[in-house]
Amino acid sequence: YGKQWYQRRVRVPVTVKKLNWSQIPMRSINKTTFWAKTRETELENADLFKQINSQFAQKQVKESAAAIAMPKKKVKELKVIDPKMSQNLGILLNANLKSYTFEEIRTAILKCDDSEGSLSPAVLESMLRYLPSAEEMGNLRQLKGEYDELCPPEQFAFVLSNIPRIEPRLQAMVFRKKFEEELKELTPDIANVMAACEEIRYSEKFAKTLELILLIGNYMNSGSRNASTYGFKLNFLTKLQNTKTQDNRTNMLHFLAEVLETKYPQWVNFKDDMKTVEKARRVCDDQLSKQLRGMKKSLGNLKKELDFHKTPESLDDQFGTRMSAFLVVAEDQYSKLDTAYQSMGKYATELISYYGEDPKKTNIEDFFSDIITFCNDFETARAENTKIKEAKKREEKQKEMKEAEKMKREKEKEMSKGYGKILDDQGDGEGLLEDMMVALKTGTAYRERPVRTKQKRDVKGRRSNTGLTPKKSDGDALNDILSSTPTSNTRTRSRGNTNSSSKASEALQRVRAL
């Protein structure tokens, strides 16, 4: 494709770091690919290579004189176990047991001493998993004279092969350590399931809520095949939200929450009666049963194994003593745990049957899950109802404020129209109001106050009625103005006819009303 393919050896004066790329094989390159058109050799430059040598040269590790003088250790070859098992045992030794000698590990196993962190259940299980087969163990025991020639994983396997009945010993030690952990785990799980069964069965609030749902359902199903129902499966509770209201904004759960809040508030907090149901629904009955069966089987195996350890193999061998004491305690604890588990199963069966369902077809975990899901969904609906009410109140308040503002504007508009009507609705009596104001300002609407004179008395000594004339009120003055015919220098008006006087009187009445 116009590109010369060549192979040449490039001499690099120093050791540089390598670029870990993935090569594209030549068969994948054709004339349409980018790599067929490259001309990288045209970019060769002595200064470029010099910079690469200086910036990407690998650091040289100088060996000490002692290291140079010491001959390299010969790698020992595997003689018995396969490479994969050897690798796994090597990882176990380097990761978890590197601070212990093989003899210390052997002694800890013989004494059944798992108190040390190095012999945790995980380490013991790893030993069991990577333990050579019985045949390989026998072959290793024959290499006693060649121990120093074995690699570390095979040396470790050789030490383990010399412990009598190593595999059942390790199994018993793993069981003893895990038994305590499982006991602490299973006991509260069983107790939670039993408590949850009682909470559901004896909750009056929950029972009344179910009755209300049954009433609503029979009413809504009237005339259908589901009418006149005596009861329903409790998994229906998780489907209440599928029934929407007419406006599709809420559902049956919102309606149920509203009814309980307003009409039956003493039942609305039925979730408070079910404090352990949430924990109980996480318990798997199948897993519980499996763990108990495993414990029973391990106790049986341990009991059989102790028959082989009635006489210790050595002074360090304490398997029989320690495991016998453990077996007595473990059997008693297992018996109590198994009794509690049987009671738990009875509680669960009775609860499912109490609600008319088949215990063989209804799983207790699903039963708890349906109920707690309903409780959580119900509380969500309650919270949403509260938000809806608050939003509705805000909307109504805003509506009232708008209505009040509208009424205020309409009232002001009506008042302004009334004033305009009084001022404009005068017909032939145009300028009447102006004449009234002029008369009041100039004083012509008032008569002059008479001079006070001494009242005369009659022959009987009584005062006569002649005296001061009382000052007219503003209303009287206005009457005088309206009854007279005032003149104006700026306008000429005609008030001679009866129609004009009538309109003037009506205007006066409106002025007085204002």
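So, a few notes on the structure that sits alongside this text. (Residues numbered from 1 in each chain as written. Predicted model: local features only at pLDDT ≥ 70, side-chain atom pairs only at ≥ 80, totals over all residues. Heavy atoms only, no water.)

Here's the deal with the packing of helix 9 (residues 204-220) against helix 10 (residues 252-263)
The geometry of a pair of packed helices is captured by two quantities: the angle between their axes and the separation between those axes. It is at 12 Å that the axes of helix 9 and helix 10 come closest, and there the two elements cross at 125°. Considered as vectors, helix 9 and helix 10 are oriented oblique to each other. Here the hand of the crossing between helix 9 and helix 10 comes out right-handed. From helix 9, T209, L212, I213, I216 and M220 reach across to helix 10, where they touch M252, F255, L256, V259 and L260. Tallied by class, the residues present in the contact of helix 9 with helix 10 amount to 9 nonpolar, 1 polar and no charged. (Axes fitted to C-alpha atoms, helices over the stretch in contact; angles between N-to-C directions. Helix = DSSP H or I, 4+ residues; strand = E, 2+ residues; numbered from the N terminus. Parallel < 35°, antiparallel > 145°, perpendicular 65-115°, else oblique. Left-handed = near helix turned anticlockwise from the far one by under 90°. Contact = heavy atoms within 4.5 Å. Nonpolar A, V, L, I, M, F, W, Y, C, P; charged D, E, K, R; others polar.)

Observations regarding the pattern of salt bridges
Scanning the entire structure with this criterion turns up 13 salt bridges. The shortest N-O distance in the salt bridge between K208 and E211 comes to 3.7 Å. Of this pair, K208 and E211 both sit in helix 9, 3 residues apart, roughly one helical turn. The exposure class assigned to K208 is partly exposed, which follows from its relative accessible area of 27%. With a shortest N-O distance of 2.7 Å, R382 and E261 are connected by a salt bridge. With R382 in helix 14 (residues 364-424) and E261 in helix 10, the pair connects residues that are 121 residues apart, well separated along the chain. What makes E261 partly exposed here is its relative accessible area of 31%. Each of E261, E379 and R382 takes part in a single network of salt bridges with overlapping partners. (Salt bridge = Lys/Arg side-chain N within 4 Å of Asp/Glu carboxyl O. Buried < 20%, exposed > 50% of the residue type's maximum accessible area, 1.4 Å probe, protein only.)

Side note on the packing of aromatic side chains
Within the structure shown, the criterion is met by 13 aromatic pairs. With 5.4 Å between their ring centres and 50° between their planes, F102 and F156 make a pair best called tilted. Of this pair, F102 sits in helix 4 (residues 102-110) while F156 sits in helix 7 (residues 152-161), and the two are 54 residues apart along the sequence. Looking at F156, the relative accessible area reads 1%, which means it is buried. Between F206 and F270, the ring centres sit 6.2 Å apart and the planes meet at 50°, which makes this aromatic pair tilted. Of the two residues, F206 is situated in helix 9 and F270 in the loop between helix 10 and helix 11 (277-280); the sequence distance between them amounts to 64 residues. One exposure class covers both F206 and F270, and it is buried. Taken together, F206, F270, F374 and F378 form an aromatic cluster joined through their ring pairs. Between R129 and the ring centre of Y130, over which it is positioned, the NZ or CZ distance is 5.7 Å. The cationic tip of R165 hangs over the ring face of F308; the distance from NZ or CZ to the ring centre is 4.0 Å. (Phe/Tyr/Trp six-rings, centres within 6.5 Å; stacked < 30°, edge-to-face > 60°. Lys NZ or Arg CZ within 6 Å of the ring centre and 35° of its normal.)

Quick notes on helix 12 (residues 285-305)
Compared with an ideal rise of 1.5 Å per residue, which puts 21 residues at 30 Å, helix 12 spans 30 Å between its outermost C-alpha atoms and is within 8% of the ideal. All buried positions along helix 12 are accounted for by L288, S289, Q291, L292, M295, L299, L302 and E305. Packing partners of the buried residues in helix 12 comprise helix 8 (166-201) and helix 13 (319-354). (Expected span 1.5 Å × (residues − 1).)

Digging into the nonpolar core
Among the nonpolar cores identified, the biggest contains 92 residues, and M127, F206 and F368 are the most heavily contacted of them. Top contributing element to this core by residue count: helix 8, with 15 residues. The contacts of F368, once residues within four sequence positions are left out, are V193, A196, C197, I200, V277, A280, R281 and L351. (Core = buried A, V, L, I, M, F, W, Y, C linked by side-chain atoms within 4.5 Å.)

Here we look at unusual backbone geometry
The phi torsion at C112 lies on the positive side, around 55°, for a residue other than glycine. Secondary-structure assignment places C112 in the loop between helix 4 and helix 5 (121-129).

Here's the deal with helix 7
Counting buried positions along helix 7 gives 9 out of 10 residues, so the element sits mostly inside the fold. Listed in full, the buried residues belonging to helix 7 are P153, E154, Q155, F156, A157, F158, V159, L160 and S161.

Examining the layout of surface pockets
By volume, the second largest pocket amounts to about 450 Å³. Forming the walls of the second largest pocket are 18 residues, and the residues nearest its centre are Q171, F175, G294, S298 and N301. Those elements that provide at least two residues to the lining of the second largest pocket are helix 8 and helix 12. With 9 residues, the single largest contributor to the lining of the second largest pocket is helix 12. Residues that form the lining of the second largest pocket fall into these classes: 8 nonpolar, 6 polar and 4 charged. (1 Å grid on protein atoms, 1.4 Å probe; cavity = no way out; pocket = protein on both sides within 12 Å on 5 of 7 lines; lining within 4 Å. Points joined across faces, edges and corners; volume = space filled by probe spheres on them.)

Some thoughts on the side chain of E305
Along the chain, E305 falls in helix 12. For E305, a relative accessible area of 6% puts it in the buried group. A distance of 2.6 Å separates a polar atom in the side chain of E305 from a polar atom in the side chain of R165. Excluding residues that lie within four positions of it along the chain, E305 makes contacts with R165, P168 and F319. (Polar contact = N/O pair within 3.5 Å; in protein donor to acceptor, adjacent residues only side chain to side chain.)

Examining the packing of helix 8 against helix 13
Viewed as axis vectors pointing N to C, helix 8 and helix 13 meet at an angle of 25°, and their least axial separation amounts to 9 Å. By the angle between their axes, helix 8 is roughly parallel relative to helix 13. In this structure, helix 8 meets helix 13 at a crossing whose hand is left-handed. Its residues assigned to classes, the contact of helix 8 with helix 13 shows 24 nonpolar, 3 polar and 6 charged.

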